[in-house]
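Residue-level structural notes
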Amino acid sequence: MLAETICSAVSAAGLGIAAIAAYRKRFLSAARIAAYALVPLGLVMTGAVAWLADTAFSPVAWAGFGVLGLAWVLFLSTRAVERRRAGRGRPAVEETAPRAAAPGAPAPPRAVTGSPRAAEPAGDDFSDIEAILKKHGI
């Protein structure tokens, strides 16, 4: 009952503000304010506010939310266990392609192209970067 009264008061205040805006020849703003003001009244008339108030203050409803949360946690935990078991029971697959080099192993030599820069190891020549930084005064 209190929620319906508050929503009705908010709607009445909003419609009053819309009337003032219309009196000041701001019809677009007045129409927009009136639309927002009618939303709480519409929610009261459809019963959505009463349902929400009954749900918010009902211990049975909160217990139902708790049961739904427990079901969700159980569902996710069983999925996680199922995925772990599926990963553990797989047979070893023989590789037909050669393995990639280990992270610490040296890289295979690169093919030399016609440019003299290709022969230099990557990362050792910072002259281009230094020139750009000097150009910008850094």
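Just so you know, these numbers come straight off a predicted model, no measurement behind them.

What follows deals with the overall build of the protein. When helices and strands are counted, the protein shows five helices and zero strands. Reading the secondary structure of the protein in the N-to-C direction produces α-α-α-α-α. Restricting to contacts in the protein with at least 6 residues of sequence separation, those with at least 24 account for 33%.

Of note, the phi angle at Lys25 is positive, near 65°, even though the residue is not glycine. Its location among the elements puts Lys25 in the loop between helix 1 (2-23) and helix 2 (27-46). With relative accessibility at 64%, the residue Lys25 sits in the exposed group.

What follows covers the side chain of Ser11. Within the secondary structure, Ser11 sits in helix 1. Once residues lying within four places of it in the same chain are set aside, the contact partners of Ser11 are Ala37, Pro40 and Leu41.

At a minimum axis distance of 8 Å, the contact between helix 1 and helix 2 shows a crossing angle of 170°. Comparing the axis directions of helix 1 and helix 2 gives the class roughly antiparallel. Taken together, the residues of helix 2 that come into contact with helix 1 (itself represented by Glu4, Cys7, Ser8, Val10, Ser11, Gly14, Leu15, Ile17, Ala18, Ala21 and Ala22) are Phe27, Ala30, Ile33, Ala34, Ala37, Leu38, Pro40, Leu41 and Val44. Within the contact of helix 1 with helix 2, the residues separate by chemical class into 16 nonpolar, three polar and one charged.

Moving on, we get to helix 2. Across its 20 residues, helix 2 extends 28 Å between first and last C-alpha, which sits within 8% of the 28 Å expected from 1.5 Å per residue. Along helix 2, the sharpest change in direction is near 25° and occurs at Val39; proline Pro40 comes one to four residues later. Where the residues of helix 2 are buried, they touch helix 1. Looking one or two residues past helix 2, Gly47 carries a phi angle of roughly 95°, positive in sign.

Turning our eyes to something else, we now look at a nonpolar patch on the surface. A contiguous nonpolar surface patch, about 440 Å² in accessible area, is contributed by Trp72, Val73, Phe75 and Leu76. Looking at the secondary structure, you find Val73 in helix 4 (residues 59-88). Overall, the relative accessible area of 47% leaves Val73 in the partly exposed class.

If you trace the backbone, Leu38 turns up in helix 2. Considering only alpha carbons, one finds Leu38 and Cys7, 31 residues apart in sequence, at a separation of 9.5 Å.

Within the secondary structure, Thr55 sits in helix 3 (residues 48-56). Relative accessible area serves as the criterion here: at 16%, Thr55 is assigned to the buried category. Apart from residues lying up to four places away in sequence, Thr55 is in contact with Ala61, Trp62 and Phe65.

Rules of the game
- Counting of residues starts from 1 at the beginning of each chain's written sequence and follows it residue by residue.
- Per-residue local features of the predicted model are confined to residues with pLDDT of at least 70, and side-chain atom pairs are confined, for both listing and counting, to 80 or more; whole-chain, interface and lining totals are unaffected and use all residues.
- Excluding hydrogens and water, the side-chain values take into account all heavy atoms of the structure.
- Working definition: helices are DSSP H or I runs of at least four residues, strands are E runs of at least two. Numbering for both runs from the N terminus.
- Contacts: residue pairs with any heavy atoms within 4.5 Å of one another.
- Type-normalised accessible area, obtained with a 1.4 Å probe on protein chains alone, sets the label of each residue: buried when under 20%, exposed when over 50%, and partly exposed for intermediate values.
- Axis lines are fitted through C-alpha atoms, for helices just across the contact stretch, and the angle between N-to-C directions can take any value from 0 to 180 degrees.
- Between 65 and 115 degrees an angle is taken as roughly perpendicular, under 35 as roughly parallel, over 145 as roughly antiparallel, and anywhere else as oblique.
- Note on residue classes: Ala, Val, Leu, Ile, Met, Phe, Trp, Tyr, Cys and Pro are nonpolar, Asp, Glu, Lys and Arg are charged, and everything else, Gly too, is polar.
- Take the number of residues in a helix, subtract one, and multiply by 1.5 Å to get its expected span.
- Here the bend at a residue means the angle between the axes of two seven-residue stretches, the one that ends at it and the one that starts at it.
- To count toward a patch, a residue needs a relative accessible area over 30% and no salt bridge; like charges are then connected within 9 Å, while nonpolar side chains (Val, Leu, Ile, Met, Phe, Trp, Tyr) are connected within 5 Å.
- All accessible areas in this document rest on Shrake-Rupley with a 1.4 Å probe, and a residue is counted as covered only by the protein chains that are shown.
- We define a salt bridge as a side-chain nitrogen of Lys or Arg found within 4 Å of a carboxyl oxygen belonging to Asp or Glu.

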